[in-house]
Amino acid sequence: MSALALPHSERVRLLRALGVQPLALRRVAQAAQRAPTPATPIVLQAQQPAAILSAPRPGVATPADGLALIVLLPTGAATDPRQQALLRAALLCLPAALQRAPCVEFSTLDEALPAAAAYLVLGSDARTALGRLLPLDHQASALIEHADAPAEMLAQPARKRTLWRALKALRGRHTRAA
């Protein structure tokens, strides 16, 4: 009897007995390792954004006193699962240090943003808030990329092009700096 004729559960049992993990299970295990767990959400909580942003994070290539990338979101993008899924998928095309960038809704911040090498600003409301939240000297020295709001991208898929262009510029700057 060939291995393909066996029921799926029997095939998996036999492969495990031989010490082989099926490719389908490997993909599920890899996806589980990459996906953020519910204990570590992709979006910072409103109670402590400044404390988390200023805390040192191991393994992230940062400038002298800040983070490598901060993603500034419009209001409501943190609570919509479709918008979060779009952002997670988009950030996966960046280098590993930039994939772990904190995503912050601009409405949760009362004070200035910390220094970062780059900012990805999503939506026109977040773009205007960036002028209030970021000191002028940081605006002049940082790479600031703008894209449409995630809700607009989901409504009109052609708007995703601005996000991909912004991510391409971030990836290019990061590879040149490294």
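First, a word on scope: everything that follows refers to the structure included in this document.

Reading the values: rules and limits
- Residues numbered from 1 in each chain as written.
- Predicted model: local features only at pLDDT ≥ 70, side-chain atom pairs only at ≥ 80, totals over all residues.
- Heavy atoms only, no water.
- Buried < 20%, exposed > 50% of the residue type's maximum accessible area, 1.4 Å probe, protein only.
- Helix = DSSP H or I, 4+ residues; strand = E, 2+ residues; numbered from the N terminus.
- Arc of directions from axis to C-beta.
- Contact = heavy atoms within 4.5 Å.
- Pairing = 2+ DSSP bridges.
- Core = buried A, V, L, I, M, F, W, Y, C linked by side-chain atoms within 4.5 Å.
- Salt bridge = Lys/Arg side-chain N within 4 Å of Asp/Glu carboxyl O.
- Axes fitted to C-alpha atoms, helices over the stretch in contact; angles between N-to-C directions.

1. A short note on helix α6 (residues 124–133)
Within the sequence span of α6, burial applies to Ala-126, Ala-129, Leu-130 and Leu-133. All buried residues of α6 lie within an arc of 115° about the axis, which places them on one face of the element. Residues of α6 that are exposed and angled more than 90 degrees away from the buried face: Thr-128 and Arg-132. Contacts from the buried residues of α6 go to β1 (67–73), β3 (116–122), α7 (136–141) and β4 (143–147).

2. Concerning the pairing of β4
Only one face of β4 is covered, namely the one carrying Leu-143, Glu-145 and Ala-147; the face carrying Ile-144 and His-146 has none of its residues buried. Direction of pairing for β3 relative to β4: parallel, over a ladder of 5 bridges. Considered in β4, the bridge of Leu-122 is made with Ala-147.

3. A closer look at the nonpolar core
In this structure, Leu-69, Val-71, Leu-120, Leu-122, Leu-163, Leu-167 and Leu-170 are the most contacted members of the largest nonpolar core, which totals 23 residues. Only β1, α4 (81–91), β3, β4 and α9 (160–177) provide two or more residues apiece to this core. Core analysis: the second largest hydrophobic core is formed by 16 residues, Leu-67, Ile-70, Leu-109 and Tyr-119 among them.

4. Things to note about the environment of His-138
Considering the arrangement of structural elements, one finds His-138 in helix α7. The spatial distance from the C-alpha of His-138 to the C-alpha of Leu-113 is 9.5 Å, given a sequence separation of 25 residues.

5. A word on the pattern of salt bridges
Pairing between side chains of opposite charge can happen when the charged atoms of each approach one another. The final tally for this structure, using the stated rule, is 2 salt bridges. A salt bridge links Arg-13 to Glu-10, with the shortest nitrogen-to-oxygen separation between them at 2.6 Å. Of the two residues, Arg-13 and Glu-10 both sit in helix α1 (residues 8–17), 3 residues apart, roughly one turn of that helix. Judged by its relative accessible area of 28%, Glu-10 falls in the partly exposed class. Note that Arg-159 and Glu-152 form a salt bridge whose closest N and O atoms lie 2.8 Å from each other. You can call Glu-152 partly exposed: its relative accessible area is 33%.

6. Thoughts on the pairing of β3
Extensive coverage of β3 is indicated by the burial of 6 of its 7 residues. Note that β1 and β3 share 5 bridges and pair parallel. The residue bridging Ile-70 from the neighbouring strand is Tyr-119, located in β3.

7. Focus on the sheet that holds β4
Overall, parallel pairing links the 4 strands, which are arranged β2-β1-β3-β4 in an open sheet. This sheet does not close on itself; its edge strands, each paired only once, are β2 (103–105) and β4. Between one strand axis and the next, the sheet turns through 20° on average, direction left out of account. Note: β1 against β2, 3 bridges, orientation parallel. Across the sheet, Leu-72 pairs through a bridge with Val-104, a residue of β2. Strands β1, β3 and β4 of the sheet are contacted by α6, whose axis makes an angle of about 145° with β3.

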